Amino acid sequence: MQINIIMQKENENTIANAISECLAQNAKKAYFFVGNFKETGYKIIEEDLIDIKTKLFFAIGIDKKSTTKAMLDGLLDFTDDVYYYSNNDVNEFVSNMCIFEYTDRVEMYISASNLSESGIQTDLSLYTKVTYDLKDTMDKQQYKAQIKELLKLVENDGFNKLDKEAIRKLVENKEIFSTRQYNHSVMSISELLGKKPKPAEYKEEKNVEEEETKKEVEIPKVDLSDISIDIDIPEEEVSQKKSEEIDIDYEEEKITLPKDIEGYESEEDKPTEEANSEDEDVEYTDEALDINDMLFSKADIKLDISTKKEDKKKATKKATKAVNEEPKEVVKVKKVNLNSVTNFIFEASNKNSKELDSIRIPNHIRLMIPEFFSLDDVESEEINGSLYKVKKIDLKITDAKDNVEYEDKEAKITYKPGQSYLTFVSEKLNDINYEENDIIRIIKVQDNEYQIEIINKKMQEYKVWSKLCNQTFRASTKKFGMM
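Position labels on residues start from 1 in each chain and follow its written sequence. Only residues with pLDDT of at least 70 get local features here, since the model is predicted, and only at 80 or more are side-chain atom pairs given and counted; chain-wide, interface and lining totals rely on the full set of residues. Hydrogens and water molecules were not included; the side-chain quantities draw on all heavy atoms of the structure.

### Considerations on the environment of Asn96
Part 1: Take Asn96: it is sitting in strand β5 (residues 96-101).
Part 2: Judged by relative accessible area, which is 7%, Asn96 ranks as buried.
Part 3: As a C-alpha pair, Asn96 and Asn114 span 18 residues in sequence and 6.1 Å in three-dimensional space.
Part 4: Throughout, a residue-residue contact means that at least one pair of heavy atoms, one from each residue, lies within 4.5 Å. Those residues within four positions of Asn96 in sequence are excluded, and the remaining contacts are Phe33, Val34, Tyr109, Ile110, Ser111, Ser113, Asn114 and Leu115.
Part 5: In protein, a polar contact requires one atom able to donate a hydrogen and another able to accept it; more generally it is a pair of N or O atoms within 3.5 Å, and residues adjacent in sequence count only if both atoms are side-chain atoms. From its side chain, Asn96 meets the backbone oxygen of Ser113 in a polar contact 2.6 Å long. A run of H or I in DSSP becomes a helix once it reaches four residues, and a run of E becomes a strand once it reaches two; helices and strands are each numbered from the N terminus. Per-residue accessibility, obtained with a 1.4 Å probe over protein chains only, is compared with the maximum for each type, and a residue is labelled buried under 20%, exposed over 50%, and partly exposed between these values.

### Considering the packing of helix α3 (residues 69-78) against helix α6 (residues 164-172)
Part 1: Contact geometry for α3 and α6: axes closest at 11 Å, N-to-C directions at 170 degrees. One way to sum up the angle between α3 and α6 is to call them roughly antiparallel. Contacts from Lys69, Leu72, Asp73 and Leu76 in α3 reach Lys164, Ile167, Leu170 and Val171 in α6.
Part 2: Charged residues are taken to be Asp, Glu, Lys and Arg, nonpolar residues to be Ala, Val, Leu, Ile, Met, Phe, Trp, Tyr, Cys and Pro, and polar residues to be all remaining types, Gly included. Grouping the constituent residues of the contact of α3 with α6 by class yields five nonpolar, no polar and three charged. Note on method: axes are straight lines fitted to C-alpha atoms, helices fitted across the in-contact stretch only, with angles between N-to-C directions ranging 0 to 180 degrees. Geometric relationships in this document are graded by angle, where less than 35 degrees denotes roughly parallel, more than 145 denotes roughly antiparallel, 65 to 115 denotes roughly perpendicular, and other angles denote oblique.

### Things to note about the environment of Leu422
Part 1: Its place among the elements puts Leu422 in strand β14 (residues 421-425).
Part 2: Leu422 gets classed as buried once you look at its relative accessible area, which sits at 0%.
Part 3: Residues Leu422 and Ile365 lie 57 residues apart in sequence; the distance between their C-alpha atoms is 9.4 Å.
Part 4: Those residues in contact with Leu422 that lie beyond four places of it in its chain are Ile359, Arg360, Ile361, Arg366, Phe373, Leu375, Ile413, Thr414 and Tyr415.

### Quick notes on α6
Part 1: Residues Ala166, Ile167, Leu170 and Val171 constitute the buried set of α6. For α6, the arc enclosing every buried residue in end-on projection is 135 degrees, short of the 170-degree limit, so these residues lie on one face.
Part 2: Directly beyond the C-terminal end of α6, a positive phi value near 60 degrees is found at Lys174. As used here, the arc is the angular range of directions from the helix axis to the C-beta atoms.

### A closer look at the nonpolar core
Part 1: Counting residues in hydrophobic clusters, the biggest one holds 39 residues, and the most contacted among them are Phe32, Phe37, Phe58, Ile60, Phe100 and Leu162.
Part 2: Elements with a minimum of two residues in this core: α1 (15-24), β2 (29-34), α2 (39-46), β3 (55-62), α3, β4 (82-86), β5 and α6.
Part 3: Those residues in contact with Leu162 that sit more than four places away from it in its chain are Leu72, Leu76, Asp80, Val82, Tyr83, Tyr84, Ile167 and Leu170.
Part 4: Within the second largest apolar cluster, 32 residues are counted, among which are Phe372, Val378, Ile413 and Phe473. Definition used in this section: a nonpolar core is a set of buried Ala, Val, Leu, Ile, Met, Phe, Trp, Tyr and Cys residues joined via side-chain atoms within 4.5 Å.

### Details of the packing of α2 against α3
Part 1: With their axes 10 Å apart at the nearest point, α2 and α3 run at an angle of 30 degrees to one another. By the criterion of interaxial angle, the relationship of α2 to α3 is roughly parallel. Here the hand of the crossing between α2 and α3 comes out left-handed. Taken together, the residues of α3 that come into contact with α2 (itself represented by Glu39, Tyr42 and Glu46) are Ala70, Met71, Gly74, Leu75 and Phe78.
Part 2: Its residues assigned to classes, the contact of α2 with α3 comprises five nonpolar, one polar and two charged. If you view the pair so one helix is near and one far, a crossing is left-handed when the near helix is turned anticlockwise from the far one by less than a right angle, and right-handed when it is turned clockwise.

### So, the pattern of salt bridges
Part 1: Whenever a carboxyl oxygen of Asp or Glu lies within 4 Å of a side-chain nitrogen of Lys or Arg, that contact is scored as a salt bridge. Within the structure shown, the criterion is met by 16 salt bridges.
Part 2: Between Glu435 and Lys457 there is a salt bridge, with its nearest N and O atoms 3.1 Å apart. Placement of the pair is Glu435 in the loop between β14 and β15 (439-446) and Lys457 in the loop between β16 (449-455) and α14 (460-468), with a sequence separation of 22 residues.
Part 3: The exposure class of Glu435 is partly exposed, given its relative accessible area of 37%.
Part 4: We classify Lys457 as partly exposed; its relative accessible area is 35%.
Part 5: Through salt bridges with shared partners, one network takes in Glu47, Glu355 and Arg360.

### Some details on the pairing of β2
Part 1: Buried residues dominate β2, accounting for five of its six residues.
Part 2: At least two DSSP bridges between two strands are required for those strands to pair. Where β2 and β3 come together, six bridges link them in parallel fashion. The partner of Phe33 across the bridge, within β3, is Ala59.
Part 3: The crossover handedness rule: strands pointing away from the viewer, path from first strand over the helix to second strand clockwise, crossover right-handed. Handedness of the β2-α2-β3 crossover: right-handed.
Part 4: Bridge count for β2 against β5 is six bridges, and the pairing is antiparallel. When the sheet's bridge partners are listed, Phe32 is paired in β5 with Cys98.

### Things to note about the packing of aromatic side chains
Part 1: Any Phe, Tyr or Trp ring, taking Trp's six-membered ring, that has another such ring centre within 6.5 Å forms a pair; planes under 30 degrees apart are called stacked, those over 60 apart edge-to-face, and the others tilted. All told, the structure shown has 23 aromatic pairs when counted by the stated rule.
Part 2: Aromatic side chains Tyr85 and Phe93 sit 6.4 Å apart centroid to centroid with 55 degrees between the ring planes, which places their arrangement in the tilted category. Residue Tyr85 shares its accessibility class with Phe93, and that shared class is buried.
Part 3: An angle of 45 degrees between the planes, with centres 5.9 Å apart, marks the rings of Phe344 and Phe480 as tilted. In this pair, Phe344 is assigned in strand β9 (residues 343-347) and Phe480 in strand β18 (residues 479-482), connecting sequence segments 136 residues apart.
Part 4: A relative accessible area of 0% places Phe344 in the buried class.
Part 5: On the basis of relative accessible area, Phe480 is assigned to the buried category, the value being 4%.
Part 6: The rings of Phe32, Phe37, Tyr42, Phe58, Phe100, Tyr109 and Tyr127 are connected pair by pair, giving a single aromatic cluster.

Shown next, in the form of structure tokens:
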């Protein structure tokens, strides 16, 4: 057995490269015991898992913060031997160990970091490489005993087998990351006003108390008999009216909205059959007049007329004022038509050491702006035993930092169905050393003609383009925008 301690630096001696090399050498078996398996790390090793004969085994920790349904579905596409441990509880599964078993040796990589983009590519960290020589009897027995203990741990200590039904339940129970767990119910008016909602029983008791309180309150009476009005009425009838009290039933009185509310029409404004019948039955005689009826009915009519006239005057004044006033500045918001997007701008990730001639675009962007890439009608080609959609394009690349332009007539866009990204491929990209968070701007000139501009983060121009990157990629902190 041989033990080496290796220092990982940014894109140097990385765990990602070690995993890629081991899988490329056609290991017989590969075991991943990973407690914190993030989607960013999965995307880095995903391509290395495609079309390999290695038998894969995954024992991973899941949580609602970083585990996604897409990642779990992707793992099941490569192997059925996937087991998960819920890290949402108090006790968590903490590990980052990858084991690659060959005919003559075993390589084991043990790291303190998690399996994420930074953990296996850019973080400054130490990891251990353990090599077993299977030709040596002692090493072979020791390795077999250890791998047996690890598999027994997965079998007996809280791990569950992953399948499509298990993924559905994890999403439903919100044990993995899902947008559903961030849906909030709409607040009621009482909640917006800061009042706590009361249970139904409390409301019923409260209504009963209010009714009893209302019953105990005496209803005031209005006596109009002492009002002095100069009207020629026979004395006998006046004395009769003085002795009568006119009661107003306030319980039947309706609350009316102000007449100046636009679109509002009170019930009093609407002609009714009862009102018409009363008007027809009214007879004016020399007998005593009902003062109460006269006052209230005439007051309502006068108010209606005056308010309608005032409304017309106010409306006329407002219209005149609006014409005379200078037009105010109006801020217009332009909505982006996704079918006509010609510029896609985003913050770059670290340059992939395995694909120096490529720029990856997440697949959800392709689905968002399909017309920008136009891959639906492209014919498939076989590359390394797999079918890819390949679109040949003319590509101009501008390195804004060095003010250098490149032109490639044989560039292409490639996409493998089911893959989580598509790729712009050009040999000219080998000559450009862009860094993480530099701005990459892809311009569609025509259907088969594109331009790529790379803006370094130290340039003044960078500040302008970074403001347009106001959306965040899925499962990433990098941002993007489109025009």
